[in-house]
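Per-entry structural report
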Amino acid sequence: MVSASDVERVLRLLQNGAATAADVLGARSGADGRLSTETARAERAYRKELARYQRGVERDRAQVWWAGTGAVVCTAAAVPTGGVSLVGTAAFGWLATSSLVRLRTRRPPAQPDPPLPAVPRLTRAAVGAGEVERLARAERRLAEVAPAVERLHPGAAVELRAAAQEATPLLHQQAHRLAVLHGVRSDLAGSPAGAAADAAARDVADRLDRGVTAYEGLLAAAATLLGAPDVARDVDDVLAPAVQALQSYAHGLTVSAEPPQEPGSGSGRR
């Protein structure tokens, strides 16, 4: 059976987790100057689900309390009434039991994945600086395109986000390795370590170039999808009846505003 202390402990853990996630998001926002739209949306959805979970837990706990109290009162009243109140005892007992079952089976929402570290900014002299900049641009554009794809075709948006979430961490790792290797090249130029870092950076930059090219292909496919016809009716089909109706109203008002003609005014004198 789930006790009140168990529920309180779960709620505290969830609240602490939400606060930690908010701190991480705030730190990234301060470092980058902007927060990923996808990350912000996931955080809002998580907070909404967490609030719904907390309301459900509180509602079930309240039902357990007053249903249990009602069962006790009905049981006590059944003695002088000859067992008539046992029906109320059974009803309150069933309500308390069902509420306890819901408390036991409720599962808290899963916390969103922590945001990825920002793409490092490399100097122009660094090996792979161009590829890293292309990656940053493609990520920004994909974050803008994804909501539009979702409005057009939710299923395609799910596949788009799944592909991006699988590829992005690997591309970020390569970008951060380039930043580390650039530091080694700069600090140990002319040494064997510097030469090895330079060769390794060029290999990583080549792999990143291929990865970013594929990432840009994903963005191009999403942009092509946005040019597809809408599933709903064409805008002309939606607006044409309203335009015709307004024109009819305007004609009717114009005719009704004209002064009535006197009898015989339309015919000439003989």
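Reference entry: report on the structure contained in this document. Everything numeric in this text was worked out from a predicted model, so none of it was measured.

Assigned secondary structure in the protein consists of seven helices and zero strands. Taken from the N to the C terminus, the helices and strands of the protein come in the order α-α-α-α-α-α-α. For the protein, buried positions account for 29% of its 270 residues. In the protein, of all internal contacts separated by at least 6 residues, the share reaching a separation of at least 24 is 74%. Total accessible area on the protein is roughly 17,600 Å²; 60% of this is exposed by carbon and sulfur atoms.

Val-132, Leu-135, Leu-178 and Leu-208 are the most contacted members of the largest nonpolar core, which totals 29 residues. Those elements that place two or more of their residues in this core are helix H4 (129-152), helix H5 (154-187) and helix H6 (192-226). Residues within four places of Leu-178 in sequence aside, it is in contact with Leu-122, Val-127, Gly-128, Val-132, Ala-201, Val-204, Ala-205 and Leu-208.

Let's shift gears to the pattern of salt bridges. Scanning all chains against the criterion turns up nine salt bridges. The residue Glu-58 makes a salt bridge to Arg-61 at a minimum N-O spacing of 3.5 Å. Taken together, the positions of Glu-58 and Arg-61, both in helix H2 (residues 37-77) and three residues apart, correspond to about one turn of that helix. Arg-61 gets classed as partly exposed once you look at its relative accessible area, which sits at 23%. A salt bridge links Arg-134 to Glu-216, with the shortest nitrogen-to-oxygen separation between them at 3.0 Å. One end of the pair, Arg-134, is in helix H4; the other, Glu-216, is in helix H6, with 82 residues separating them in the sequence. Of the residues examined, Glu-216 reaches a relative accessible area of 30% and is grouped as partly exposed. What you see here is one network of salt bridges that share partners, running through Arg-134, Asp-209 and Glu-216.

At a minimum axis separation of 9 Å, H5 and H6 run at an interaxial angle of 160 degrees. Judged by the angle between their axes, H5 and H6 are roughly antiparallel. Regarding H5 and H6, the two cross each other, and that crossing is left-handed. For the contact of H5 with H6, the residue count by class is 21 nonpolar, four polar and four charged.

Let us now look at H4. With 24 residues, H4 extends 35 Å between its outermost C-alpha atoms, agreeing within 8% with the 34 Å of an ideal straight helix rising 1.5 Å per residue. At Val-145, H4 shows its maximal bend, which comes to roughly 25 degrees, and the proline Pro-147 appears one to four places after that position.

About the cut-offs
- Residues numbered from 1 in each chain as written.
- Predicted model: local features only at pLDDT ≥ 70, side-chain atom pairs only at ≥ 80, totals over all residues.
- Heavy atoms only, no water.
- Helix = DSSP H or I, 4+ residues; strand = E, 2+ residues; numbered from the N terminus.
- Buried < 20%, exposed > 50% of the residue type's maximum accessible area, 1.4 Å probe, protein only.
- Contact = heavy atoms within 4.5 Å.
- Areas by Shrake-Rupley, 256 points an atom, 1.4 Å probe, with all protein chains shown as cover.
- Core = buried A, V, L, I, M, F, W, Y, C linked by side-chain atoms within 4.5 Å.
- Salt bridge = Lys/Arg side-chain N within 4 Å of Asp/Glu carboxyl O.
- Axes fitted to C-alpha atoms, helices over the stretch in contact; angles between N-to-C directions.
- Parallel < 35°, antiparallel > 145°, perpendicular 65-115°, else oblique.
- Left-handed = near helix turned anticlockwise from the far one by under 90°.
- Nonpolar A, V, L, I, M, F, W, Y, C, P; charged D, E, K, R; others polar.
- Expected span 1.5 Å × (residues − 1).
- Bend = angle between axes of the 7 residues up to and from the residue.

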